[in-house]
Amino acid sequence: MLFCFIGNEPFFSSIFLLVVAYYTLVVLSLLHLIFKTDYNLTERLLWMVVLWVVPVFGLLAYWVFWKRRGKA
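Residues numbered from 1 in each chain as written. Predicted model: local features only at pLDDT ≥ 70, side-chain atom pairs only at ≥ 80, totals over all residues. Heavy atoms only, no water.

Q: Help me understand the overall build of the protein chain in this model?
A: What the protein chain contains, in helices and strands, is 4 helices and 0 strands. Going from N to C terminus, the protein chain has its helices and strands arranged as α-α-α-α. Taking all 72 residues of the protein chain together, the buried fraction comes to 21%. Nonlocal contacts in the protein chain, meaning residues at least 24 apart in sequence, comprise 46% of its contacts between residues at least 6 apart. With an accessible surface of roughly 5600 Å², the protein chain has 77% of that area assigned to carbon and sulfur atoms. (Helix = DSSP H or I, 4+ residues; strand = E, 2+ residues; numbered from the N terminus. Buried < 20%, exposed > 50% of the residue type's maximum accessible area, 1.4 Å probe, protein only. Contact = heavy atoms within 4.5 Å. Areas by Shrake-Rupley, 256 points an atom, 1.4 Å probe, with all protein chains shown as cover.)

Listed below in structure tokens is the structure:
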């Protein structure tokens, strides 16, 4: 039923694709956070909350702080 509206309404389809893209990036960031970082448990849980709760800025903040941490 959902996919019937995607072809008919361009605004709805663009919003839907943006939401899907955002949560795909969030899942990839969570996988990176879990398997590729050396954060302790408290820091990982805090980043998980930020990634899921704070839209867009949480995703950007995670990667900015990760790159900044790598340079230090």
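Read on for the rest.
Q: Mind showing me how you'd approach the nonpolar core here?
A: Across soluble globular proteins, nonpolar side chains have a tendency to be buried as a group. Grouped together as the largest cluster of nonpolar side chains are 9 residues: Y22, V26, L30, L33, Y39, W47, L51, L59 and Y62. Listing elements by their share of this core, those giving two or more residues are α2 (10-35), α3 (41-53) and α4 (57-71). Those residues in contact with Y22, other than ones at most four positions away along the chain, are L51, V54, P55, V56 and L59. (Core = buried A, V, L, I, M, F, W, Y, C linked by side-chain atoms within 4.5 Å.)

Q: Even after reading the chapter, I still don't get α3, so can you show me in this structure?
A: An α-helical turn contains 3.6 residues, so a residue and the one three or four places further along point in the same direction. Taking 1.5 Å of rise per residue, 13 residues should cover 18 Å, and α3 covers 18 Å from first to last C-alpha, within 8% of that figure. Taking the backbone nitrogen of T42 as reference, a side-chain oxygen 3.2 Å away marks N40 as the first, capping residue of α3. (Expected span 1.5 Å × (residues − 1). Polar contact = N/O pair within 3.5 Å; in protein donor to acceptor, adjacent residues only side chain to side chain.)

Q: Would you mind showing me how to read the packing of aromatic side chains here?
A: In this description, a pair of aromatic rings is defined by centroid distance and the angle of the planes. Tallying each qualifying case throughout the model produces 5 aromatic pairs. Between Y39 and W66 the ring centres are 6.0 Å apart and the planes differ by 65 degrees, which places this aromatic pair in the edge-to-face class. Here Y39 is found in the loop between α2 and α3, whereas its partner W66 is found in helix α4, with 27 residues between them in sequence. For the pair W47 and F65, a centre-to-centre distance of 5.8 Å together with 50 degrees between the ring planes defines the contact as tilted. Of this pair, W47 sits in helix α3 while F65 sits in helix α4, placing them 18 residues apart in sequence. The class for F65 is partly exposed, based on a relative accessible area of 40%. Here the aromatic cluster, defined as three or more aromatic residues joined through ring pairs, consists of W47, Y62, W63 and F65. (Phe/Tyr/Trp six-rings, centres within 6.5 Å; stacked < 30°, edge-to-face > 60°.)

Q: Quick question: what am I supposed to make of the pattern of salt bridges here?
A: Side chains bearing opposite charge may pair, as long as their charged atoms lie close to each other. Across all of its chains, the model carries 2 salt bridges by this definition. In this structure, D38 and R69 form a salt bridge, with 3.4 Å as the shortest nitrogen-oxygen distance. Of this pair, D38 sits in the loop between α2 and α3 while R69 sits in helix α4, and the two are 31 residues apart along the sequence. Judged by relative accessible area, D38 falls into the exposed class, the value being 57%. Classification of R69 as partly exposed rests on a relative accessible area of 34%. (Salt bridge = Lys/Arg side-chain N within 4 Å of Asp/Glu carboxyl O.)

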